[in-house]
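Understanding the architecture of this molecule
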Amino acid sequence: MRLPSLLRFRHLVLTLTSIALLTGCATDLVQRADALAAPAGLQREQVQGGPFLLTAYVHARPNAPLLRVYLEGDGRAWITRNQVSPDPTPHTAMGLRLAASDGGDVVYLARPCQFTPMARNPACQPAYWSGLRYSPEVVSAMDEALSHYVTRLQPARLELVGYSGGGALAVLLAARRKDVSAIRTVAGNLDHVAVNRWHAVSQMPGSLNAIDVASRVAGIPQRHVSGADDTVVPTAITRSYVDRVGRCAALTIVPDMAHESDWDRAWPSLLALPLPCTAQRP
């Protein structure tokens, strides 16, 4: 075998080995997510969202006075700065951790292709967790899944909570719906153009940007939480979004917290903070 052919063969073997390892890792991550969710009574389900079969965890009563829907972050979108991951299932699943620490009626929605076997998701392509992660197709898929649970559970009020990239989707979903009573984000990517510019990486022209719909959600009470030590989505970018929304958006800066800190431990006390533009409610 000539040297170029040998090198290509070795590259193929390494690639296939990496995919096999990641597939086994994804199975382990689902089991870890189940174990995290179980003490909070969250049960894993699957729900159709557009062309995607989405994974959800649910612990909610019908006709609850308040339903919070938690939206996961971007997950493991990239292996390296230049190599996209074959599976975006998050290792930490902070969105799920926040949902598990809530204590109320909650639904957790993973992002397209997270926690769900790729064999059951033929629409999954790496573009949907890289450049198209906030694309109209992804937002529509999440919206369909959200509507499924709202129709099924009929809550009196609906709040959206997003971690990291899930924060962008919380805003984008609220901008197209009429039933969202509040938005909360933790380390939310509320302006991906500014975030990508900050990191000197490629822009995502195929993705919608939360800050561009700020005027459409200006009347919805919002609280956006940022870690003072967050270098992934710096507080200045969150503040820019909050300023764009205006008086119904509040910014809470938490000292000594970074993007991937233990937000779930702080979450119950952060949930207790009142929302602007509304009387204090549970």
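We now turn to the structure provided with this report. Position numbers for residues start from 1 in each chain and track the written sequence from start to end. Local features in this predicted model are restricted to residues whose pLDDT is 70 or higher, and side-chain atom pairs enter the listing and the counts only when it is 80 or higher, whereas totals over whole chains, interfaces and linings include all residues. Values shown for side chains rest on all heavy atoms present in the structure; no hydrogens or waters enter the calculation.

Overview of the pattern of salt bridges
Here a salt bridge means any side-chain nitrogen of Lys or Arg lying within 4 Å of a carboxyl oxygen belonging to Asp or Glu. Scanning all chains against the criterion turns up 12 salt bridges. In this structure, the salt-bridge partner of Arg 265 is Asp 262, at a minimum N-O distance of 3.9 Å. Partly exposed residues are those whose accessible area sits between 20% and 50% of the maximum for their type, while under 20% is buried and over 50% is exposed, using a 1.4 Å probe and protein chains only. Residue Asp 262 is classed as partly exposed on the basis of its relative accessible area of 41%. Beyond isolated ion pairs, a larger network of salt bridges with shared partners links Arg 68, Asp 102, Glu 159 and Arg 184.

Overview of the sheet that holds strand β2 (residues 52–59)
At least two bridges found by DSSP between two strands are what make those strands a pair. Here a helix means four or more residues in a row that DSSP labels H or I, a strand means two or more in a row labelled E, and each is numbered from the N terminus. Read from one edge of the open sheet, 8 strands run β1-β2-β4-β3-β5-β6-β7-β8, paired in mixed fashion. Unpaired on one side and paired on the other, β1 (43–49) and β8 (249–254) mark the two borders of the sheet. Ignoring which end each strand starts from, the neighbouring axes of this sheet average 20 degrees apart. One ladder, built from 4 bridges, connects strand β6 (residues 182–186) with strand β7 (residues 222–227); its direction is parallel. The partner of Ile 183 across the bridge, within β7, is Gln 222. Note on definitions: angles span 0 to 180 degrees between N-to-C directions of axes, and those axes are lines fitted to C-alpha atoms, for helices only across the stretch in contact.

Some points on the pairing of β6
Summarising burial for β6: 5 of the 5 residues are buried, a large majority. Neither face of β6 is exposed, since Ala 182, Arg 184 and Val 186 on one face and Ile 183 and Thr 185 on the opposite face are all buried. Here strand β5 (residues 158–163) runs beside β6; their pairing, made up of 5 bridges, is parallel. Its bridge partner lying in β6, Glu 159 is registered against Ala 182. Handedness of a crossover: with both strands directed away from the viewer, a clockwise path from the first strand across the helix to the second marks it as right-handed. Note on the crossover from β5 through helix α4 (residues 165–176) to β6: the handedness is right-handed. Read as a crossover between parallel neighbours, the route from β6 over helix α5 (residues 192–199) to β7 is right-handed.

Let's talk about the environment of Ala 182
Among the secondary structure elements, Ala 182 is positioned in strand β6. By relative accessible area, which is 1% here, Ala 182 ends up buried. It is 7.1 Å that separates the C-alpha atoms of Ala 182 and Leu 158, two residues lying 24 residues apart in sequence. Whether two residues touch is decided by their heavy atoms; if any such pair falls within 4.5 Å, the residues are in contact. If sequence neighbours within four positions are ignored, Ala 182 has contacts with Leu 158, Glu 159, Leu 160, Ile 220, Pro 221 and Leu 275.

Section: the side chain of His 259
Residue position: His 259 is located in the loop between β8 and α7 (263–271). Its relative accessible area of 6% is what places His 259 among the buried residues. As used in this structure description, the phrase polar contact means that two N or O atoms lie within 3.5 Å; if the pair is within protein, one of them must be able to donate a hydrogen and the other to accept it, and residues adjacent in sequence are counted only when both atoms belong to side chains. In this structure the side chain of His 259 is engaged in a polar contact, spanning 2.9 Å, whose partner is the side chain of Ser 164. Once residues within four sequence positions are removed from consideration, His 259 is found in contact with Tyr 163, Ser 164, Ala 187, Asp 230, Val 232 and Val 233.

Observations regarding the packing of helix α3 (residues 136–153) against α4
With their axes 10 Å apart at the nearest point, α3 and α4 run at an angle of 70 degrees to one another. Taken as axis vectors, α3 and α4 run roughly perpendicular relative to one another. Along the contact surface, α3 presents Pro 136, Val 138, Val 139, Ser 140, Met 142, Asp 143 and Leu 146, while α4 presents Leu 169, Leu 172, Leu 173 and Arg 176. Classes in brief: Ala, Val, Leu, Ile, Met, Phe, Trp, Tyr, Cys and Pro nonpolar; Asp, Glu, Lys and Arg charged; the others, Gly included, polar. Considered class by class, the residues forming the contact of α3 with α4 number 8 nonpolar, 1 polar and 2 charged. Reported orientations rely on four angle classes, namely roughly parallel under 35 degrees, roughly antiparallel over 145, roughly perpendicular from 65 to 115, and oblique for the rest.

As for the packing of aromatic side chains
For Phe, Tyr and Trp, rings pair up if their centres lie within 6.5 Å, where Trp contributes its six-membered ring, and each pair is then called stacked (planes under 30 degrees apart), edge-to-face (over 60) or tilted (otherwise). In total, this model carries 3 aromatic pairs according to the counting rule given. When the centroid spacing of 6.5 Å and the interplanar angle of 75 degrees are considered together, the rings of Tyr 70 and Trp 267 count as edge-to-face. On the criterion of sequence distance, the pair formed by Tyr 70 in strand β3 (residues 67–71) and Trp 267 in helix α7 is long-range, its members being 197 residues apart. We note that Tyr 70, like Trp 267, is buried.

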